[in-house]
Amino acid sequence: MTGLGAVFRPQLAPERLRSVARLAEEAGLEELWLWEDCFREGGISTAAAALAWTERIRVGIGLLPVPLRNVAITAMEAASLYRMFPGRPILAVGHGVQDWMGQVGARVESPVTLLREHLDVLRALLRGERVTVEGRYVRLDDVALDWPPAEPVPVIAGVTGPRSLRLAGEAADGTLLTASTSPEGVRTARQLIDEGRELVGRSDAEPHRIVVYLLTATGPDGAARLKAELAEEGLASVPDLGVAGDAGAVAKAVQRLADAGADTVVLQPTGDEPDPEGFVRFAAEEVRPLVP
């Protein structure tokens, strides 16, 4: 079965999260995804709150920008979430938006090198290993978590470019793709990820989960809102991005991404979505029954 989720976008004030998270769970949605966008809302703090306000729904952080975080802090916070809410957090890390990283003095010369080092060490710490490493960016001296997760946990890489997608296959347990990814882009991503997995002998390891955002608008002004957001993002000329329409139209768009290789599709409302709670209910109650 194709997984289905929805995004709580950080254009909404943090105090709106409680009602959206609780409604998502009540409506039967499988996953709620949160963003750590500069300079809006923190990923760990919002995820912890959403997990505490609910009992079942999985909560994804998509994503934590690694230039902003010492890997030991990432591991400590992630491990705490995994222990308090077993099986429910989903952690994605990535390069972050480079302009934002520059604004806070965290931009690095080689984002791919940093992400590789961060992924390798983060996964080792979450496995309960003791780590000493002297990398280009990541340096730890005899560090281990006192409270690592009780069970193995996946770490997802949120990436886009070919080098980073191959890196995700080599060093991550899954990949998060942005809403600027068409079905053909998902196919290409899957191929590059598989190349990375084969390169390091991971082809026979646990399946590599691909999660992709789908920009979605419904309601009488849905098509206009979708068009406006794609234009604002400079994506108006890119074919097969986003969907506007009723549940049937959205379900068909989800299926196209699934057919291309996505394991989970997360519906991303437009930034000006007028009814975030209604959007979540629409995803759970109207779209989910139509997605096999």
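Check the entry above for the structure.
A few points on the structure. (Residues numbered from 1 in each chain as written. Predicted model: local features only at pLDDT ≥ 70, side-chain atom pairs only at ≥ 80, totals over all residues. Heavy atoms only, no water.)

**Describing the overall build of the chain**
In step 1: Scanning the chain from terminus to terminus reveals 10 helices and 11 strands.
In step 2: A compact globule built from 292 residues would reach a C-alpha radius of gyration of about 19 Å, and the chain, at 18 Å, matches this within 12%.
In step 3: On the principal axes, the C-alpha backbone points of the chain span a range of 60 × 40 × 40 Å.
In step 4: Sorting the 292 residues of the chain into buried and exposed places 55% on the buried side.
In step 5: By sequence separation, contacts in the chain at least 24 residues apart represent 74% of the contacts at least 6 residues apart.
In step 6: Carbon and sulfur atoms make up 51% of the accessible area of the chain, which totals about 13,100 Å².
In step 7: Computing the positive centroid from 30 side-chain charges and the negative centroid from 42, the chain places the two 1 Å apart. (Helix = DSSP H or I, 4+ residues; strand = E, 2+ residues; numbered from the N terminus. Rg over C-alpha atoms; globule rule 2.2 N^0.38 Å. Buried < 20%, exposed > 50% of the residue type's maximum accessible area, 1.4 Å probe, protein only. Contact = heavy atoms within 4.5 Å. Areas by Shrake-Rupley, 256 points an atom, 1.4 Å probe, with all protein chains shown as cover. Lys, Arg positive; Asp, Glu negative; His and termini not counted. Charge placed at Lys NZ, Arg CZ, Asp CG, Glu CD.)

**Description of unusual backbone geometry**
The bulk of non-glycine residues show a negative phi, and the bulk of peptide bonds are trans.
In step 1: The omega angle of the peptide bond from Cys 38 to Phe 39 is 0°, so this bond is cis rather than trans.
In step 2: With respect to the helices and strands, the residue Phe 39 is situated in the loop between strand E2 (31-34) and helix H2 (43-53).
In step 3: With an omega of 20°, the peptide bond running from Gly 62 to Leu 63 counts as cis.
In step 4: Counting through the fold element by element, Leu 63 comes out in strand E3 (residues 58-65).
In step 5: Even without a glycine there, the phi angle at Asp 142 is positive, about 60°.
In step 6: Its identity as a non-glycine residue notwithstanding, Asp 240 has a phi of 65°, on the positive side.
In step 7: On the secondary structure map, Asp 240 appears in the loop between helix H8 (222-232) and strand E10 (243-244).

**Things to note about a nonpolar patch on the surface**
In step 1: Residues Phe 39, Leu 68 and Val 104 make up a contiguous nonpolar surface patch of roughly 270 Å² in combined accessible area.
In step 2: A residue is classified by how much of its surface remains accessible, and Leu 68, at 36% relative accessible area, is partly exposed. (Patch = residues over 30% accessible without salt bridge, like charges linked within 9 Å, V, L, I, M, F, W, Y side chains within 5 Å. Salt bridge = Lys/Arg side-chain N within 4 Å of Asp/Glu carboxyl O.)

**Some thoughts on helix H3 (residues 71-84)**
In step 1: In a regular helix each residue adds 1.5 Å, so 14 residues correspond to 20 Å; H3 covers 20 Å between its end C-alpha atoms and thus fits that length.
In step 2: Every buried residue of H3 is accounted for by Val 71, Ala 72, Thr 74, Ala 75, Ala 78, Ala 79, Leu 81 and Tyr 82.
In step 3: Sitting at the head of H3, Asn 70 places a side-chain oxygen 2.8 Å from the backbone nitrogen of Ala 72. (Expected span 1.5 Å × (residues − 1). Polar contact = N/O pair within 3.5 Å; in protein donor to acceptor, adjacent residues only side chain to side chain.)

**So, the pairing of strand E1 (residues 3-8)**
Every other side chain in a regular strand lies on the same face of the sheet, so the side chains alternate between the two faces.
In step 1: By the criterion of burial, E1 is predominantly enclosed, with six of the six residues buried.
In step 2: Of the two faces of E1, the one carrying Gly 3, Gly 5 and Val 7 and the one carrying Leu 4, Ala 6 and Phe 8 are both buried.
In step 3: Across four bridges, E1 lies against E2 in parallel orientation. Considered in E2, the bridge of Gly 5 is made with Glu 31.
In step 4: In the classification by handedness, the crossover that spans E1, the intervening helix H1 (residues 17-27) and the parallel E2 is right-handed. (Pairing = 2+ DSSP bridges. Right-handed = clockwise from strand over helix to strand, strands pointing away.)

**Concerning the packing of H3 against helix H5 (residues 111-126)**
In step 1: In contact at an axis separation of 9 Å, H3 and H5 are set at 40° when each is read in the N-to-C sense. As the angle between them shows, H3 and H5 are arranged oblique. In terms of crossing hand, the pair formed by H3 and H5 is right-handed. Along its contact with H3, which presents Val 71, Ala 72, Thr 74, Ala 75, Ala 78, Ala 79 and Tyr 82, the element H5 presents His 118, Val 121, Leu 122, Leu 125 and Leu 126.
In step 2: Classifying every residue of the contact of H3 with H5 by side-chain character gives 10 nonpolar, two polar and no charged. (Axes fitted to C-alpha atoms, helices over the stretch in contact; angles between N-to-C directions. Parallel < 35°, antiparallel > 145°, perpendicular 65-115°, else oblique. Left-handed = near helix turned anticlockwise from the far one by under 90°. Nonpolar A, V, L, I, M, F, W, Y, C, P; charged D, E, K, R; others polar.)

**Remarks on the pattern of salt bridges**
In step 1: Evaluation of the coordinates by the stated rule reveals 23 salt bridges.
In step 2: For the salt bridge of Glu 36 with Arg 69, the shortest nitrogen-to-oxygen distance reads 2.8 Å. Within this pair, whereas Glu 36 is found in the loop between E2 and H2, its partner Arg 69 is found in the loop between E3 and H3, the two being separated by 33 residues in sequence.
In step 3: For Arg 69, a relative accessible area of 17% corresponds to the buried category.
In step 4: Connected through salt bridges with shared partners, the residues Asp 221, Arg 225, Asp 272 and Glu 273 form a single ionic network.

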